[in-house]
Amino acid sequence: MNQDNDLSNFSMLDLFRTEVENQVSILNEGLLALEKDPASTKVLESLMRAAHSLKGAARIVQIDPAVKVAHALEDCFVAAQKGKIVLRPEQMDVVLQGIDFLNRIRLLKEQELPSWIQEQGAETDSLVARIVDLASGKAERPVEPAAPKVEVARDSDPRTVRVQAENLNRLLAYAAETSVAASTLQTFVESLRLLKNQQKELMNEVTLFQGMSKEPGSKAFAEELLRQAEEIHRNIGLRYSELETYSRRAVNITKRLYREVLDSRMRPFRDGVEGFPRMVRDASRKLGKKVRFEIAGKSTKVDRDILEKLEAPLNHLLRNAIDHGIETPEERIAAGKPEEATLLLEASHKGGVLHIQISEDGRGVDFSRLRQKLLDKKLVTVEMMDRLSEKEMLEFLFLPGFSTTDQVTELSGRGVGLDIVYNMVREVGGLVQAFSRQGEGMTIHMQLPITLSILRALIVEISGELYAFPLSRIDKTLIISIDELEKAENEQFLPYNDERIRLVPATEILELNPVKIDGSVSVVLVSDALSRYGIVVDRFRMQKDLVVRPIDARLGKVKDLHGASILEDGSPVLILDVQDMLRSIDQLLLEASEVSGDAETETSQKRILVVEDSLTVRELERKLLKSHGYAVEVAVDGMDGWNALKTGSYALVVTDLDMPRLNGTELIKRIRADAKLQQIPVVMVSYKEREEEKQAALQAGANRFLSKTSFHDKTFLNAIIELIGEA
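Residues numbered from 1 in each chain as written. Predicted model: local features only at pLDDT ≥ 70, side-chain atom pairs only at ≥ 80, totals over all residues. Heavy atoms only, no water.

Describing the side chain of Arg473
Here's step 1: Residue placement: Arg473 occurs in the loop between β9 (465-470) and β10 (476-481).
Here's step 2: The buried charged residue Arg473 lacks any salt bridge, with Asp577 as its nearest oppositely charged partner at 5.9 Å.
Here's step 3: At a separation of 3.0 Å, a polar atom in the side chain of Arg473 contacts the main-chain carbonyl oxygen of Ser527.
Here's step 4: In contact with Arg473, not counting residues within four places along its chain, are Gly429, Gly430, Leu431, Leu525, Val526, Ser527, Val578, Gln579 and Leu582. (Helix = DSSP H or I, 4+ residues; strand = E, 2+ residues; numbered from the N terminus. Buried < 20%, exposed > 50% of the residue type's maximum accessible area, 1.4 Å probe, protein only. Lys, Arg positive; Asp, Glu negative; His and termini not counted. Salt bridge = Lys/Arg side-chain N within 4 Å of Asp/Glu carboxyl O. Polar contact = N/O pair within 3.5 Å; in protein donor to acceptor, adjacent residues only side chain to side chain. Contact = heavy atoms within 4.5 Å.)

A closer look at the nonpolar core
Here's step 1: With 55 residues, the main nonpolar core has Phe269, Leu314, Leu343, Ile356, Met446 and Leu448 as its most contacted residues.
Here's step 2: Ranked by the residues each element gives to this core, the list is headed by helix α11 (residues 304-325), at 8 residues.
Here's step 3: Apart from residues no more than four positions distant in its own chain, Leu448 is found in contact with Ile306, Leu310, Val353, Leu354, Ile356, Met424, Val425, Val428 and Ser472.
Here's step 4: By size, the runner-up hydrophobic cluster in this structure holds 46 residues, among which are Phe16, Val24, Ala57 and Ala72. (Core = buried A, V, L, I, M, F, W, Y, C linked by side-chain atoms within 4.5 Å.)

Some thoughts on the pattern of salt bridges
Here's step 1: A full pass over the atoms with the stated rule returns 31 salt bridges.
Here's step 2: In this structure, the salt-bridge partner of Glu35 is Arg281, at a minimum N-O distance of 2.9 Å. Here Glu35, found in helix α1 (residues 12-36), pairs with Arg281, found in helix α10 (residues 276-286); they are 246 residues apart in sequence, far enough to count as distant.
Here's step 3: When the shortest N-O distance is used, the salt bridge between Arg292 and Glu294 registers 3.0 Å.

Comments concerning the sheet that holds β9
Here's step 1: Pairing in this open sheet of 5 strands is mixed, and the strands run β16-β8-β9-β18-β17 from one edge to the other. The open sheet has two free edges, formed respectively by β16 (539-547) and β17 (561-566), since each of these has just one partner strand. Pairwise comparison of adjacent strand axes, ignoring direction, gives a mean angle of 35° for this sheet. (Pairing = 2+ DSSP bridges. Axes fitted to C-alpha atoms, helices over the stretch in contact; angles between N-to-C directions.)

Some remarks on the pairing of strand β20 (residues 631-635)
Here's step 1: Burial analysis of β20 places 5 of its 5 residues in the buried class, which makes it a mostly covered element.
Here's step 2: Burial along β20 is two-sided: Ala631, Glu633 and Ala635 facing one way and Val632 and Val634 facing the other are all buried.
Here's step 3: Direction of pairing for strand β19 (residues 607-611) relative to β20: parallel, over a ladder of 5 bridges. Bridged to Val611 within β20 is Ala635.

Some thoughts on the environment of Leu192
Here's step 1: If you trace the backbone, Leu192 turns up in helix α7 (residues 165-212).
Here's step 2: Here the alpha-carbon distance between Leu192 and Ile236, two residues 44 residues apart in the chain, equals 7.6 Å.

Regarding the environment of Asn22
Here's step 1: You can see Asn22 is positioned in helix α1.
Here's step 2: With a relative accessible area of 37%, Asn22 lands in the partly exposed category.
Here's step 3: Here the alpha-carbon distance between Asn22 and Ala50, two residues 28 residues apart in the chain, equals 8.9 Å.

Some remarks on the sheet that holds β20
Here's step 1: Reading across from one edge, β20-β19-β21-β22-β23 is the order of the 5 strands in this open sheet, with parallel pairing throughout. The sheet is open, and its two borders are formed by β20 and β23 (704-707), each paired with just one other strand. On average, adjacent strands in this sheet sit at an angle of 20° to one another, irrespective of strand direction.
Here's step 2: As defined by bridge partners, strand β21 (residues 652-655) adjoins strand β22 (residues 682-686) across 3 bridges and the pair is classed as parallel. By the bridge assignment, Val653 is partnered in β22 with Val682.
Here's step 3: Sheet strands in contact with helix α20 (residues 638-647) are β19, β20 and β21, and its direction is about 155° off that of β19.

Some remarks on the packing of aromatic side chains
Here's step 1: Evaluated as defined, the whole model comprises 1 aromatic pair.
Here's step 2: Arg500 extends its terminal NZ or CZ atom over the ring of Phe493, reaching a point 4.3 Å from the ring centre. (Phe/Tyr/Trp six-rings, centres within 6.5 Å; stacked < 30°, edge-to-face > 60°. Lys NZ or Arg CZ within 6 Å of the ring centre and 35° of its normal.)

Let's talk about unusual backbone geometry
Note on backbone geometry: most residues besides glycine have negative phi, and most peptide bonds are trans.
Here's step 1: Residue Glu511 is not a glycine yet carries a positive backbone phi of 60°.
Here's step 2: Phi is positive for Asp560, which is not a glycine, with a value near 70°.
Here's step 3: Residue position: Asp560 is located in the loop between β16 and β17.

Remember, this is a structural readout, not a statement about activity or role.
Quick look at the structure:
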């Protein structure tokens, strides 16, 4: 059956929804283009056809409100085509409300339609009347645009076969395994080739024996051996050619299968950002700002899971840029800038990594104001502030609840935008950085894996075994002579770009047998928001695209590991979790400092254990508590926290909720079940603020449940003082 004509699985309402989704996209895109060129006959023609198609589709499924609105829109576009009216931004708001009305119908369930149609009579008539007034040239009072909302495009072509992501992931894994299996055929080909050569050498020996032997009958015997050997040689040669041909075909087919399955997971970047031009247009009009929004790299292929995860972060970044980054036209003119600002969203592939960047030419970050905010929130001391560079100060913008503005608006200012970005990027194993020059604008740059199923990685050798570093998490790879390294207090440091980067052996992080290294060291530079380290490996092997196979869920989160894969020769390789390794390095250095450090000065202080898997939040809590006189130790996840509690003595525990290996609720249950620990007060601090999470934590035995936004007022510190008193 021709798939293009097979609509048997689609109801008429399903087809109508598909039609609305496609035509609404055309209408939104066309109207935004029309704002730049109100007299474009080509754009008006496409708008008229889209409205006409919607009217016909709505009539077929008998949704009368949609018929009326689509008909009014069609008349409006026809009037504009004939030059009777010109659609200015004020009039465009009304037209866009008509399009939003049609799009809402698409989102309704079939059983909701009858009652909805009855309830919408007055709204439909009012909307249609206003659109008709536009078409007739009557003055229309400006309408405040509705709150901007992004609708991400979904697969809607009836020719598309819908497959669950889980099935697609399994299919991709099987395709990868098939590719590996096909590659092993080459091993058999090579073995057969060696056998063929050995058999040829045997024939030569028989020929030599035939010429040298004088024994009666030996000549005839040798001739018979030679005849049999020649026949075997011909058969081996024939089978060798057949196997070699089959091997090449099998490898070629499996590679094509693998690429096709992988490509089925990818979508062009445009599919995830189609709603943003409309959102930017509505938001800028609402705030009285002029913004030229551009999207570059629309055809860049992105994993559909990553594209879905990008929606909320990009939405926050764009809103924040319009609300706080971009000035009003009057402010821009006074600053010597064009009154229309430029806002650019760009996607590209570079070096096997997906790069997403949002930049604008607005006011940029006021670093004097940022410095004061950091001091007011006691995130840094005056001495530390003097040593911070502007780049380092910008990293604080990604802390939970942090905002440089005191004004909360509908669009932004709640301090959640960059926090959402940071957590999404960290979740998929990427990096995010902020760049700004005061008065010139700001740029947010994200480095992400191109796909979550395929990982571009650097294969290294550690203690004789193969491991993989995701390329998206590597800052730099270096091979350095041992003579170039600096030593201080039994630690090695690498001088690099005016930095002294601490080197940590990978064998120490992974608890493997150390390998003696002579002459030079191979170093992988990795970093996060607050620190950078050099991880020393035995040697670099190769760069490779790996199919990520998750670790069996029954094992839970395995420390420092993200997953596994198989190379083409069948060799297993473990994929490293760089974020987890950074946590492990922090813990190693902390333990080392405790052994050699200032335990005497802290004996009289109240000791608090902070259990938090986010390095940024952990560092924030540590500095905040330490600045108020408490002695603070940290654990990088629930299991590390439990081990610390079993060996140390603490007045109070501060724990996160969601953590690898052992979550906060389970940690609290273990504390309350232990006779020696059950009296220790526990404060849970979490992003999650739903009542069910709060009640679960309190029932497990938490003394307080706080939001992570509580760092920025006295709620957090007051809770500590209430439970254990001041330091």
